[in-house]
Amino acid sequence: MSVTVGVDGGQSQIRLRVSGEPDAKSAPGVSHREADTGRAVIDTVAELWNGRSERISRLVAGLTTIPATEGERHLLATRLAEVTGASEVWLGGDEVISHTGAFEGASGVVLSVGTGVACLALDADTGAHRNFDGVGYLVGDEGGGFWLGRHGIRAALAAQEGRGPHTTLAETVAAQLGPLDGVPIGLHSNPRAVDTIAQIAVVVLAEAATGDPVADAIVSDAATRLVTTVSAGVRFLSAEPQVRVALGGRLLMSPREAGGPTPATEGNASRGATLLSERVATGIRAAHPTATISMATGSSLDGACILAEWVAPGPYRPLLTMYRPQP
């Protein structure tokens, strides 16, 4: 029996889904802080595949921690083929599978927000494409989960010490991470600090929704930064008569919707939308009145599974490393 496999490799979790199966398997993600991100991805995918007997005709993986050079990517694709027995491996960044999940090869700008930020603008007719931000938590990913969590924790610590305004984040962050006095030391010694900090993003969003002004200001700042990122993508596709923008990722979609398809709608109160995505949509609409904005119709994992079924990669070819073992 032959199957295809899609892999969504993020910093919070890595998910793997086999064609024909409704549910995905997941494991803790791989952070840029890992000493060997490639080895960590290989081991995790091997664990999720768990030596199943089916033959994989194609495995498609989109990774936040995609290696920097083509040689390193080819080596990683080779090792993924070896540990799973896949006849073919297509390897790309997380922005590729996010775009596929949203547009399935059509032109448009996708913004996916999880621990980090992925934003890809693609002209399907010319093949022109460009990434915006998505450069990692050290120098970018502005408005993403880590960014939100870091600012939320900083606000909580400042409030506790009297060097910042009162905020309910002091109580809610403490409820998640423990007494605030010990949070800094705990985070700096935490091997999964990036993911731990990113998880506080949902706390910030929740407190903003209840009216806490400090949390609300953080979310507004995040939305402004994400709108700036998307705007650059819209301008890149300015030759299009009407640029399509899709919003996805766990921080722009409700937990119920983030793992699967969501019908595209135009209203701010779109099904599956969050406070952050509502503000991002409002900002994009104000900056680009002719753009069409919707929630992504499929997740990044959906995108990987869709690509795995295609005969050819279409407009995503320049963005993929494709490996097929020699017979």
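Details of the structure are given in the entry above.
For the structure given in this document, a descriptive report is provided here. (Residues numbered from 1 in each chain as written. Predicted model: local features only at pLDDT ≥ 70, side-chain atom pairs only at ≥ 80, totals over all residues. Heavy atoms only, no water.)

### Re the packing of helix α3 (residues 94–103) against helix α12 (residues 300–309)
In contact at an axis separation of 7 Å, α3 and α12 are set at 85° when each is read in the N-to-C sense. The pairing of α3 with α12 is recorded here as roughly perpendicular in orientation. Seen from α3, the contacting residues are Val96, Ile97, Ser98, Thr100 and Gly101; seen from α12, they are Ser300, Gly303, Ala304, Ile306 and Leu307. (Axes fitted to C-alpha atoms, helices over the stretch in contact; angles between N-to-C directions. Helix = DSSP H or I, 4+ residues; strand = E, 2+ residues; numbered from the N terminus. Parallel < 35°, antiparallel > 145°, perpendicular 65-115°, else oblique. Contact = heavy atoms within 4.5 Å.)

### Quick look at the sheet that holds strand β11 (residues 321–323)
Strand order in the open sheet made by the six strands is β3-β2-β1-β4-β5-β11, with mixed pairing throughout. Of all strands in the sheet, those bounded by a partner on one side alone are β3 (25–28) and β11. Between one strand axis and the next, the sheet turns through 15° on average, direction left out of account. Where strand β4 (residues 55–63) and strand β5 (residues 89–93) come together, five bridges link them in parallel fashion. Paired with Val60 across the strands is Trp90, a residue of β5. (Pairing = 2+ DSSP bridges.)

### Re the environment of Met1
Summarising the element assignment, Met1 is placed in the segment before β1 (2–9). For the pair Met1 and Glu54, spaced 53 residues apart in sequence, the C-alpha separation works out to 5.5 Å. Beyond its immediate chain neighbours, meaning those up to four positions away, Met1 contacts Glu54 and Arg55.

### Looking at helix α5 (residues 169–177)
Of the positions making up α5, those classed as buried are Leu169, Ala170 and Val173. Taken around the axis of α5, the buried residues stretch over an arc of 95°, which confines them to a single face. The secondary structure elements touched by the buried residues of α5 are α4 (145–161), α8 (201–209) and α9 (213–236). Residue Gly178 follows α5 closely and has a positive phi angle near 100°. (Buried < 20%, exposed > 50% of the residue type's maximum accessible area, 1.4 Å probe, protein only. Arc of directions from axis to C-beta.)

### Structural notes on the packing of aromatic side chains
Summed over the entire model, instances satisfying the criterion amount to three aromatic pairs. Taking the ring centre of Trp90 as reference, the NZ or CZ of Arg58 above it sits at 3.8 Å. (Phe/Tyr/Trp six-rings, centres within 6.5 Å; stacked < 30°, edge-to-face > 60°. Lys NZ or Arg CZ within 6 Å of the ring centre and 35° of its normal.)

### Quick word on the pattern of salt bridges
Tallying each qualifying case throughout the model produces 13 salt bridges. Put simply, Asp8 and Arg15 hold a salt bridge, and the shortest N to O gap is 2.8 Å. Relative accessible area serves as the criterion here: at 14%, Arg15 is assigned to the buried category. For Asp216, the salt bridge identified is with Arg279, shortest N-O distance 2.5 Å. Taken together, the residues Asp216 in helix α9 and Arg279 in helix α11 (residues 275–287) connect sequence positions 63 residues apart. Classification of Asp216 as partly exposed rests on a relative accessible area of 25%. (Salt bridge = Lys/Arg side-chain N within 4 Å of Asp/Glu carboxyl O.)

### Comments concerning the pairing of β4
Of all nine residues in β4, seven are buried, a share of seventy percent or more. Across eight bridges, β1 lies against β4 in parallel orientation. Residue pairing across strands places Ser2 opposite Arg55, the latter belonging to β4.

### Description of the sheet that holds strand β10 (residues 292–295)
Spatially, β8-β7-β6-β9-β10 is the arrangement adopted by the five strands of the open sheet, whose pairing is mixed. A strand with exactly one partner marks an edge of an open sheet, and here the two such strands are β8 (129–131) and β10. Between one strand axis and the next, the sheet turns through 15° on average, direction left out of account. Two strands pair when backbone bridges link them, and strand β9 (residues 244–248) and β10 are joined in this way by four bridges, in the parallel orientation. Counted as the bridge partner of Leu247 is Met295 from β10. In this fold α3 packs onto β6 (108–113), β7 (117–122), β8 and β9, with an angle of close to 115° to the strand it touches most, β6.

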